[in-house]
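The primary structure of each chain is shown beneath.
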Amino acid sequence: MNPDVASAIGQLRAARVLAEEQAALFDRVARRRLVSVRFEIRALLYVGVLLLTSGVGLLVAEHHRQIGPLAVAGGIGLVVAACFVWVIRKAPAFSWEAVESPNVAFDYVLLLGLLLFASDLAYLEVQFSALGPRWAYQLLVVALVYLLAAFRWDSRTVLSVALTTLAAWRGISVGLIPGSSGALDATLRGNALGLGAVYLAAAVLSVRLARKGHFEDVYANAGLLLGLGALVSGMLDDEAAWTAWLVALLVVAGLLMWLALRFGRSLYFAEGVVAAYLGLVRLLFDGDTGSGPGSVGTAHHSVTLGSITA
């Protein structure tokens, strides 16, 4: 309890500056009797969205023949439309600044509608093969819709899903190109590095241009995971040039930690520490065994760029 705050509340109540309801609320806060459960509610809503989306997927997989493809697609489409109608009615006006959600369920109804939209689009593609061999482009369409929704309704959650979907589109598109596993791995790493650089540039521009500057950490973390993941993948899987990948990884990780300390970004610093640790462990194993870059064994082959972008 803060006695000064409690005393001030009593004085403001006596002077009729605060109404009884306001004074009672502030008094509970001062005496630490008001406990927020906002985080728990948001976590439950997020889990509920995932469970509901998974349940729809299981229902369609088990009974789509009995229901029929058009009925399935139409039913999911109606739920998507209902979600968007509710979101549009509740949404505040657009702004390039941070916009407070009208209620705690807003982001999760939006997320549910978008996930079901993506599921419906995927189901239609499986049933009718409209894109044929270019089916991976549906992921690009979904990522762009997610991006538009994230900006319009100021949702960091949806933005993170959009960036992940965009990375998945590039990974799947590269995986469909015929070629040797080594060439595909190199192409995947190149795409991850390029896309990571784009995300980092978006983080910087969002702050410099004051265009959704509060999205900066979402862009930056996605870009760092892709970029550092690509460097770690090259260090572990590219036996011919693993030392060059290691040097690049340590330089980037060191620069990241320095910038993180300068700008007070603890999560970026932690990502740099983890990346540097992985590089030094690889170096330590090779130095201890003295048997060359392959001495770490087959364990490092389990870390692939596909698992990072997934």
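The preceding data block contains the structure.
In this text the structure is predicted, and so the values were computed from the model without any measurement. (Residues numbered from 1 in each chain as written. Predicted model: local features only at pLDDT ≥ 70, side-chain atom pairs only at ≥ 80, totals over all residues. Heavy atoms only, no water.)

### Concerning the overall build of the protein
Counting its secondary structure elements, the protein contains 12 helices and 0 strands. Shown N-terminal to C-terminal, the secondary structure of the protein runs as helices and strands in the order α-α-α-α-α-α-α-α-α-α-α-α. Counting every position in the protein, which comprises 310 residues, the buried fraction comes to 34%. Within the protein, contacts between residues separated by at least 24 positions form 64% of all contacts whose residues are at least 6 apart in sequence. When the accessible surface of the protein is split by element, carbon and sulfur atoms take 68% of a total near 17,700 Å². (Helix = DSSP H or I, 4+ residues; strand = E, 2+ residues; numbered from the N terminus. Buried < 20%, exposed > 50% of the residue type's maximum accessible area, 1.4 Å probe, protein only. Contact = heavy atoms within 4.5 Å. Areas by Shrake-Rupley, 256 points an atom, 1.4 Å probe, with all protein chains shown as cover.)

### Focus on helix H7 (residues 156-175)
Compared with the 28 Å implied by 1.5 Å per residue over 20 residues, the 29 Å span of H7 between its first and last C-alpha is a close match. Of the positions making up H7, those classed as buried are Val 158, Leu 159, Ala 162, Leu 163, Thr 165, Leu 166, Ala 167, Trp 169, Gly 171, Ser 173 and Val 174. (Expected span 1.5 Å × (residues − 1).)

### Quick notes on the side chain of Ser 173
Inspection of the secondary structure puts Ser 173 in helix H7. Among the polar contacts listed, one links the side chain of Ser 173 to the backbone oxygen of Trp 169, at a separation of 2.7 Å. (Polar contact = N/O pair within 3.5 Å; in protein donor to acceptor, adjacent residues only side chain to side chain.)

### Brief notes about the pattern of salt bridges
Considering all chains together, one arrives at 4 salt bridges under this definition. Among the ionic pairs, Asp 217 bridges to Arg 156, the shortest N-O distance being 2.8 Å. With Asp 217 in helix H9 (residues 216-237) and Arg 156 in helix H7, this pair connects stretches of sequence that are 61 residues apart. Residue class for Arg 156 comes out partly exposed when judged on its relative accessible area of 37%. Arg 282 is the partner of Glu 239 in a salt bridge, and the nearest nitrogen-oxygen pair spans 3.7 Å. Here Glu 239, found in the loop between H9 and helix H10 (242-263), pairs with Arg 282, found in helix H11 (residues 266-289); they are 43 residues apart in sequence, far enough to count as distant. The class for Arg 282 is buried, based on a relative accessible area of 2%. (Salt bridge = Lys/Arg side-chain N within 4 Å of Asp/Glu carboxyl O.)

### A word on a nonpolar patch on the surface
Among the surface-exposed residues, Leu 131, Trp 135, Tyr 137 and Leu 176 lie close enough to one another that they form a single nonpolar patch of about 380 Å² accessible area. Residue placement: Leu 176 occurs in the loop between H7 and helix H8 (181-208). (Patch = residues over 30% accessible without salt bridge, like charges linked within 9 Å, V, L, I, M, F, W, Y side chains within 5 Å.)

### A few points about the nonpolar core
Core analysis: the largest hydrophobic core is formed by 63 residues, its most contacted members being Leu 110, Tyr 146 and Trp 153. Top element by residues in this core is H9. It accounts for 12 residues. If near-sequence neighbours (up to four positions away) are discounted, Leu 110 is found in contact with Phe 84, Val 87, Ala 149, Trp 153, Ser 155 and Val 158. (Core = buried A, V, L, I, M, F, W, Y, C linked by side-chain atoms within 4.5 Å.)

### Concerning the packing of aromatic side chains
Overall, the coordinates contain 6 aromatic pairs when judged by the stated rule. Seen in terms of ring centroids, Phe 151 and Phe 215 are 5.6 Å apart; in terms of plane orientation they differ by 80°. Their pairing is edge-to-face. With Phe 151 in helix H6 (residues 137-152) and Phe 215 in the loop between H8 and H9, this residue pair connects regions lying 64 residues apart in the sequence. A residue is classified by how much of its surface remains accessible, and Phe 151, at 22% relative accessible area, is partly exposed. According to the relative accessible area criterion, Phe 215 is buried, its value standing at 0%. Here the aromatic residues Phe 94, Trp 96, Phe 151 and Phe 215 are joined through ring pairs into a cluster of three or more. We note Arg 170 situated over the ring of Trp 169; from NZ or CZ to the ring centre the distance is 4.8 Å. One residue, Arg 282, lies across the ring of Trp 242, its end atom 4.4 Å from the ring centre. (Phe/Tyr/Trp six-rings, centres within 6.5 Å; stacked < 30°, edge-to-face > 60°. Lys NZ or Arg CZ within 6 Å of the ring centre and 35° of its normal.)

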